[in-house]
Amino acid sequence: MNHWVELDKRYFMDTGHRRLGVTLVRGEGARVWDDVGTEYLDFISGWAACSLGHCHPIVQEALREQASRLILASLDVYTIPQIELAELLLSTSGFAKLFICNSGAEANEGAVKLARKYGKLHLNGAYEVISALKSFHGRTLAMVAATGKPEYQAPFTPLPEGFANVPYNDVAALRAAISERTCAILLEPIQGEGGVRVPSEHYLREVRALCDERGILLILDEVQTGCGRTGTLWAHEHSGIRPDIMTVGKGLGGGVPIAAFLANERAACFGPGDHGSTYGGNPLCSAVAAAVLRFIVKEDLAGHAARVGRYFQERLLGLQEKRKIVREIRGRGLLLAVEFTLPVALAMAQACRERGLLINPIPPHTIRFMPPLIIAPQDVDRAVTIVESAIDQIVQAAASSEGVR
Ligand SMILES: Cc1ncc(COP(=O)(O)O)c(C=O)c1O
């Protein structure tokens, strides 16, 4: 066993990660290198966080510049990078107010706190948040309750109360679940971790109308779909509606930990003492995020994600025509998935890794692609060629084991 693998196994609690088995030491653009010098094309990009690819000059420069000025202050003072980032986030999204924090889970926690405060002020103390089955909103206790995956919840009961999970893409289920206790609905515009599930065209519009009818808030979790990933800057733009609260993270920082929740005038009801964070909006990460977001907008990386994503999807559909094991291609922009008819997600990720491509398995049947937004069509071609060859290996192995039996 490799030295680093041995130490990792000795030191860390086994949370079932490290499934690809490589130790990365360097990254540049869409490429990474392991500790023995093997090069990989990285279509995971830090779980969609390295939006500009690895170690982009914009990120390096912002880090260097801000690290020599001011790294951390406190929320008792004003700092300029935080204000500049706030201005950019609000002007590109049309929200009124925001709070900057450090991770997607924390942003969603903040959004739920805001919705509960709104419930206290305007909805007779309503506090319940309805979210979807197969969703993913983070790993804190409250977000485990919001994340509609019974297998993530069972080991940690009793969970914080005030959450209900209903099927995704089902407006009638949401309607039936709303009661006088409900203050908000929390949804991903596309379910990422749940296997890249794109809802029907009218879903978000109908959910918006339902929230308006019942006077409750709509929170959209754009931690994974935001910052250009799906081909528009914010994924809800595809549906033409606006949530009351939006959470963002991942790609915003281009690899550094930063997230935020943004609200319209009506929902932005926090008052003094309601929320805080030691590192939230720290100058270092704020300066990087501002540089990243400015670059995404200036270079129209959302438009690039739409174009290259469409090409990628067409190439994958071409694969599907030739190979019966491919059941479905799903996604939008540069958030794409392939679902297989057999439980081969892990085997596919391993076979792709052996051929120099890192992809994200969502066992048992699905693999997910989240390349950096700067990805070139030639890299998509290379990835599809590798996926094709990995499929052939797996189909052959399945056929010969059938033969043995
Ligand atoms: C939609 C969504 N929300 C929230 C999170 C949690 O973000 P973090 O891991 O930064 O806490 C994720 C992470 O994958 C996510 O995909």
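Keep in mind it's a predicted model, so treat the numbers as computed, not measured.

A. Quick peek at the overall build of the protein. Each helix and strand in the protein was counted, giving 13 helices and 15 strands. In terms of its C-alpha atoms, the protein occupies a principal-axis envelope of roughly 65 × 55 × 45 Å. A total of 405 residues make up the protein; the buried ones form 53% of that total. Long-range contacts, defined as pairs at least 24 residues apart, comprise 71% of the intrachain contacts of the protein with a sequence gap of at least 6. Carbon and sulfur atoms form 55% of the exposed surface of the protein, whose accessible area is close to 18200 Å².

B. Just a nonpolar patch on the surface, in detail. Taken together, the side chains of Ile71, Leu72 and Tyr279 make up a nonpolar region of the molecular surface, amounting to roughly 290 Å² of accessible area. For Ile71, the position within the fold is in the loop between helix H3 (57-67) and helix H4 (80-93).

C. Summary view of helix H11 (residues 301-322). Counted at 1.5 Å a residue, the expected span for H11 with its 22 residues is 32 Å, and the 31 Å between its end C-alpha atoms agrees. If you check which residues of H11 are buried, you get Leu301, Ala302, Gly303, Ala305, Ala306, Val308, Gly309, Phe312, Leu316 and Leu319.

D. Seen up close, helix H9 (residues 203-214). When the terminal C-alpha atoms of H9 are compared, their 17 Å separation across twelve residues agrees well with the 16 Å that a helix rising 1.5 Å per residue should span. Those residues of H9 lying buried are Tyr203, Leu204, Val207, Arg208, Leu210 and Cys211. Projected onto a plane normal to the axis of H9, the buried residues spread over an arc of 160° and lie on a single side. Among the structural elements, helix H8 (171-177), strand S7 (182-187) and strand S8 (217-221) are those in contact with the buried residues of H9.

E. Looking closely at the side chain of Arg323. Positionally, Arg323 belongs in the loop between H11 and strand S11 (326-332). Taking the relative accessible area as the measure of exposure, Arg323 reaches 14% and is therefore buried. If near-sequence neighbours (up to four positions away) are discounted, Arg323 is found in contact with Glu388, Ile391 and Asp392.

F. A look at the sheet that holds strand S1 (residues 24-28). With mixed pairing, four strands are arranged side by side in an open sheet as S1-S2-S3-S13. One side of each edge strand has no neighbouring strand; the edge strands of this open sheet are S1 and strand S13 (357-358). Pairing of strand S3 (residues 39-42) with S13, which is carried by two bridges, proceeds in the parallel orientation. Bridge pairing in S13 places Leu41 opposite Leu357.

G. Quick peek at unusual backbone geometry. A cis amide bond, omega 0°, links Thr157 with the succeeding residue Pro158. On the secondary structure map, Pro158 appears in the loop between helix H7 (150-153) and strand S6 (163-166). Across the junction of Pro363 and Pro364, the peptide omega takes the value 5°, indicating a cis bond. Mapped onto the elements of the fold, Pro364 is located in the loop between strand S14 (360-362) and strand S15 (366-369). Of note in the backbone geometry, Arg18 takes a positive phi value of approximately 60° without being a glycine. On the secondary structure map, Arg18 appears in the loop between helix H1 (3-11) and S1. Even without a glycine there, the phi angle at Cys55 is positive, about 50°. Structurally, the position occupied by Cys55 is in the loop between helix H2 (45-48) and H3.

H. The packing of aromatic side chains, seen in detail. Taken as a whole, this structure holds six aromatic pairs when the rule is applied. Seen from their ring centres, Phe136 and Tyr152 are 6.2 Å apart, and the 90° between their planes marks the pair as edge-to-face. Residue Phe136 is found in the loop between strand S5 (128-132) and helix H6 (141-146), and its partner Tyr152 is found in helix H7; the two are separated by 16 residues along the sequence. A ring pair is formed by Tyr168 and Tyr203, whose centres lie 5.3 Å apart and whose planes are at 70°; its orientation type is edge-to-face.

Reading the values: the criteria
Residues numbered from 1 in each chain as written. Predicted model: local features only at pLDDT ≥ 70, side-chain atom pairs only at ≥ 80, totals over all residues. Heavy atoms only, no water. Helix = DSSP H or I, 4+ residues; strand = E, 2+ residues; numbered from the N terminus. Buried < 20%, exposed > 50% of the residue type's maximum accessible area, 1.4 Å probe, protein only. Contact = heavy atoms within 4.5 Å. Areas by Shrake-Rupley, 256 points an atom, 1.4 Å probe, with all protein chains shown as cover. Patch = residues over 30% accessible without salt bridge, like charges linked within 9 Å, V, L, I, M, F, W, Y side chains within 5 Å. Salt bridge = Lys/Arg side-chain N within 4 Å of Asp/Glu carboxyl O. Expected span 1.5 Å × (residues − 1). Arc of directions from axis to C-beta. Pairing = 2+ DSSP bridges. Phe/Tyr/Trp six-rings, centres within 6.5 Å; stacked < 30°, edge-to-face > 60°.

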